[in-house]
Amino acid sequence: MQKSLSIHKHKMVLKLLLTTLLGLLNVIVWTNGEEREPFCLEIYDNKNDERHPPYYLLNEFPICKEHERRTCCKKSHSEAISRLFSTLAARSSLSARCSNFYQKSLCSYCDADIGVGKKVIQKSPILCQSYCNLWYDACYEDYFDNIQNSYIRNIEDISFIRLNLIPCTDSSTICSPLHAITLDPTEFCSLNGFSTHQDFHSSSGPAGLTEYNTECFNGVPAASVLKPGIKQKTQSYKYKRPQYNKKSKAKNKFYQIVRDHVDVLLKNIKVPLPVIAFISIILIWMINQIINFFI
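Residues numbered from 1 in each chain as written. Predicted model: local features only at pLDDT ≥ 70, side-chain atom pairs only at ≥ 80, totals over all residues. Heavy atoms only, no water.

Going by the annotation in an unreviewed UniProt entry, the name recorded for the protein chain is Folate receptor family protein, with Cryptosporidium meleagridis given as the source organism.

Caption draft 1: Representation of the pattern of salt bridges. Applying the stated criterion to the full structure yields five salt bridges. For E42, the salt bridge is made with R51, and the minimal N-O distance between the two is 3.7 Å. With a relative accessible area of 58%, E42 lands in the exposed category. A relative accessible area of 32% means that R51 is categorised as partly exposed. Where K119 meets D113, a salt bridge forms, and the shortest distance between an N and an O atom there is 3.1 Å. (Salt bridge = Lys/Arg side-chain N within 4 Å of Asp/Glu carboxyl O. Buried < 20%, exposed > 50% of the residue type's maximum accessible area, 1.4 Å probe, protein only.)

Caption draft 2: Just the sheet that holds strand β2 (residues 120–121), in detail. Read from one edge to the other, the open sheet built from three strands follows the order β2-β3-β7, with strand pairing classed as mixed. The open sheet terminates on both sides in strands that have one partner only, identified here as β2 and β7 (195–197). Pairing of strand β3 (residues 124–128) with β7, which is carried by three bridges, proceeds in the parallel orientation. Across the sheet, C128 pairs through a bridge with H197, a residue of β7. Sheet strands touched by helix α5 (residues 129–138): β3 and β7. Its angle to β3, the strand with the most contacts, is close to 85°. (Pairing = 2+ DSSP bridges. Helix = DSSP H or I, 4+ residues; strand = E, 2+ residues; numbered from the N terminus. Contact = heavy atoms within 4.5 Å. Axes fitted to C-alpha atoms, helices over the stretch in contact; angles between N-to-C directions.)

Caption draft 3: Expanded view of the nonpolar core. The biggest cluster of nonpolar side chains holds 47 residues, and the ones touching the most others in it are Y102, L106, W135, C139, F144, I161 and F188. Of all the elements, α5 adds the most residues to this core, at six residues. Apart from residues lying up to four places away in sequence, W135 is in contact with C98, F101, Y102, S105, L127, F188, C189, N192 and F194. (Core = buried A, V, L, I, M, F, W, Y, C linked by side-chain atoms within 4.5 Å.)

Now the structure itself:
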């Protein structure tokens, strides 16, 4: 009798230890797993496209190549921005510094932080105030046309870009130097479709453009600091519930469920919590059967 109780006690302790160990392993796997990638804003995709994290593209952009490593833009967006910038450069006489800032600012729409909405407020990308100030200074003497309607708004694939102040072109009727239109850098950036954020380097000049800023865009792309995005054809991290055959027998159904969940586990880069819980239950059941068989 005592021997039977002792064996039963050992079995219970062993089961408890193994179950605890398995639980700890699952906690470690879950807590050490990478955070789920944020999805790109819907404006970057077609209506029926599946939501996805930022892409990793290689040598596909004609412009904004600094963002290719991690971006929500597709090749069509880069091509549209390239056409827009080429049109601005060809039809105006922007200074070199002002032109460079325009290119970098237009390309900011392909920055991953802006693409996922991290640096967006009320549909406007957020520029660091230091960057905005330098952009204004670079264009201070250039001539602009404050417009209501423009050829820019007719360019496909970049309807989300809002420019209410463009450089003067041959077709402009009234042109004024930037400092005659506004003396406020924030207003200048707002007319170009951007919001601003007071950053730490707002009075330090070019020093504010050398380090990645987590709250606003200062010219340093997220792609240069954060991990690469996903390959464009890679499936998004979405757990799909396996489909079971209701007519299968109980035993075959059990094995089918196990196989389906193993397939899901292998296909998903991020292991979802339901899969971890299911595998834990199966392993606990198997351990219990092994203990009962040998003890």
